Amino acid sequence: MAPKKLSAQKSVEVPPAKKPRTEAFQAPAAPTPAAAPVVASNPRIQQSVKVKIALKNPKFFPEVPQSVLETSANMAYDCLVVEHDARHIMQHKMLEVVDEALSTSKKSFDDALKVAVEFVETAEPKKQELIKVEAAMQAALDAKQAEVAKAKEDGKEAAEQLKKGEDAARDAAAAVMTAKQAKDAAEAEESKTKKVLDEFAALDGAASDAVQAAMVALGPKLKALPRIEGAQVDILSTCLCKPDAERSNLESSAMMLIEGCLSRHMRGHGQAIVQCDGALKEKEAVKAASDEQVEKLKEQVALCGEKLKSEEAALEVCRQKVSDAAADLKEHEKQTALGDSKVEAMKALLAQFGEM
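Rules behind the numbers
- Per chain, residue numbering runs from 1 following the sequence as it is written.
- Thresholds applied to this predicted model are a pLDDT of at least 70 for local features of residues and 80 or more for the giving and counting of side-chain atom pairs; totals over whole chains, interfaces and linings are not thresholded and use all residues.
- Water and hydrogen atoms were dropped before computing side-chain values, which therefore reflect all heavy atoms in the structure.
- Put simply, DSSP H or I for four residues or longer makes a helix, DSSP E for two residues or longer makes a strand, and each gets a number counted from the N terminus.
- Only protein chains enter the accessibility calculation, which uses a 1.4 Å probe. A residue is then buried if its area is under 20% of the maximum for its type, exposed if over 50%, and partly exposed in between.
- In this description, contact between two residues means that some pair of their heavy atoms is separated by no more than 4.5 Å.
- Using a 1.4 Å probe, the Shrake-Rupley method yields the accessible areas, and only the shown protein chains count as cover for residues.
- Salt bridges, as used here, are contacts in which a Lys or Arg side-chain nitrogen is within 4 Å of a carboxyl oxygen on Asp or Glu.
- Nonpolar core, defined: a set of buried Ala, Val, Leu, Ile, Met, Phe, Trp, Tyr and Cys residues in which side-chain atoms within 4.5 Å join the residues together.
- The angle between two axes is taken between their N-to-C directions and runs from 0 to 180 degrees, where each axis is a line fitted to C-alpha atoms and a helix contributes only its stretch in contact.
- Working definition: roughly parallel below 35 degrees, roughly antiparallel above 145 degrees, roughly perpendicular at 65 to 115 degrees, and oblique for all remaining angles.
- Helix crossings fall into two classes, left-handed where the near helix is turned counterclockwise from the far one by less than a right angle and right-handed where it is turned clockwise.
- Any Phe, Tyr or Trp ring, taking Trp's six-membered ring, that has another such ring centre within 6.5 Å forms a pair; planes under 30 degrees apart are called stacked, those over 60 apart edge-to-face, and the others tilted.
- The quantity called pLDDT is the predictor's confidence in a given residue, expressed from 0 to 100.

Describe in detail the overall build of the chain, supporting the description with residues and values.
Each helix and strand in the chain was counted, giving nine helices and zero strands. Counting across all 356 residues of the chain, residues that qualify as buried make up 28%. Of the contacts formed within the chain by residues at least 6 apart in sequence, a portion of 77% connects residues at least 24 apart. For the chain, the accessible surface area stands at approximately 22200 Å², while carbon and sulfur atoms represent 59% of it.

Summarise the pattern of salt bridges; cite the residues concerned and give the values.
Applying the stated criterion to the full structure yields 21 salt bridges. A salt bridge links Asp-111 to Lys-107; the shortest N-O distance between them is 3.1 Å. Of this pair, Asp-111 and Lys-107 both sit in helix H4 (residues 89–121), separated by four residues, roughly a single helical turn. Asp-111 gets classed as partly exposed once you look at its relative accessible area, which sits at 38%. Relative accessible area serves as the criterion here: at 52%, Lys-107 is assigned to the exposed category. Put simply, Asp-184 and Lys-180 hold a salt bridge, and the shortest N to O gap is 3.5 Å. Of the two residues, Asp-184 and Lys-180 both sit in helix H5 (residues 123–203), four residues apart, roughly one turn of that helix.

Quick rundown of the nonpolar core? Include the residues and the values.
Counting 21 residues, the largest nonpolar core has Leu-55, Phe-60, Phe-61, Val-98, Leu-102, Phe-109 and Leu-113 as its most contacted members. Among the elements of the structure, helix H2 (43–56), helix H3 (66–80), H4 and helix H9 (249–355) are those that each provide at least two residues to this core. At seven residues, H4 tops the list of elements feeding residues into this core. Judged by nonpolar contacts, the second largest core, of 18 residues, contains Met-215, Leu-222, Leu-236 and Leu-240.

Tell me about the packing of H5 against helix H6 (residues 208–223), and name the residues and values.
The relative placement of two packed helices comes down to the angle between their axes together with the axis-to-axis distance. Direction vectors running N to C along H5 and H6 enclose 150°, while the axes themselves pass 11 Å from each other. As judged from the angle between their axes, H5 and H6 are roughly antiparallel. Seen from above, H5 lies across H6 with left-handed handedness. Contacts between H5 and H6 involve Val-196, Glu-199, Phe-200 and Leu-203 from the first element and Ala-210, Val-211, Ala-214, Met-215, Leu-218, Lys-221 and Leu-222 from the second.

Help me get a handle on the packing of aromatic side chains, residues and values and all.
The tally for this structure, following the rule as stated, stands at one aromatic pair. Each ring, one from Phe-60 and one from Phe-109, has its centre 6.4 Å from the other, and the planes form 80°; the classification is edge-to-face. Here the residue Phe-60 occupies a position in the loop between H2 and H3, and Phe-109 occupies one in helix H4, the gap between them amounting to 49 residues. In this structure Phe-60 comes out as buried when scored by relative accessible area, which is 3%. Residue classification places Phe-109 among the buried residues on the basis of a relative accessible area of 12%.

Explain the confidence of the model for the chain to me, and be specific about the residues and the numbers.
In low-pLDDT regions, the fine details of the predicted coordinates are not to be read closely. The share of residues in the chain with pLDDT of 70 or more is 87%, and the mean pLDDT across the chain is 84. Looking across the chain, the model is least confident in helix H1 (residues 36–40), with a mean pLDDT of 48, and most confident in H5, with 94. Scored below 50 in pLDDT, residues 10–38 makes 28 contacts in the model with residues more than four places away or belonging to other chains.

A description of the packing of H3 against H4 should follow, citing residues and the corresponding values.
Contact geometry of H3 with H4 gives a least axis separation of 9 Å together with a crossing angle of 125°. Looking at the two axes, H3 sits oblique to H4. Every pair of crossing elements has a handedness; the one defined by H3 and H4 is left-handed. From H3, Ser-72, Met-75, Ala-76, Asp-78, Cys-79 and Leu-80 reach across to H4, where they touch Gln-91, Met-94, Leu-95 and Val-98.

As structure tokens, this is what we get:
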């Protein structure tokens, strides 16, 4: 019910006990004790008092300062207690402003009541919807937690694989070093044997003094060769300085035996070098593959770390959504509990508008 237009309220017959008005803005004097029953029975005065009280009530105008409400209420009352036909035009304007303020306030309460009633009527379906939303957010959180756990497991497995790969790469590097050392040793033995062979060949046909001097160092080296007897080496001091035709069968046999032995050693060293070189290349290939695998595993570990970081960030988002959904449901339940009382309170306020 819309409030009655205050500016349109007409005067009501009152016993003629009032003095004539001298000024349009002069409010009636306070009633004497004898006139109090008359004022109390005057509907216009009673209505004016109700309006004055309503205008002072901050419930109707919650955003207006109390001092402004007090002033407005007093001014409205002073206008209302004056008979309609006796009011000044400014008093009518003042009451029009009050009418508009009351209408605006009532409309806001009508709208709020409509929202409150709609809220109460849809509270249970809305609650069920919020419960479903919370359940969906929780399911998403559970799924994301499982994804985070898997990402952690994948990262752990990748780290373990990297450690194994690095161990294999270290073993491959050690194997390369060993193969290289073996090849270097074979080459050193070949060089050593070749030097002995060259020294031995250089003494063939040399002067006796030169042979005797060289055999001091060369003799022990020749005696160290397998299948060479010391006596065979000893006779070299005398046969090396002789032409082939003057050597005895024993001397020629010793020469051939030592030359053959040195040649076999050279071939053996050559074969060993070839084998060591093949083994070295094989080990180097294994090492290269191991190093490449380590780099791939490092990339995999980095990817797992990035994925875990992304999944953990998404997990925090899911947790926040669950928290927000739970808060929304809790707030809805709180508002639902207050809904009926809000509706009744607003109806009571609107009833007071109808009395004005």
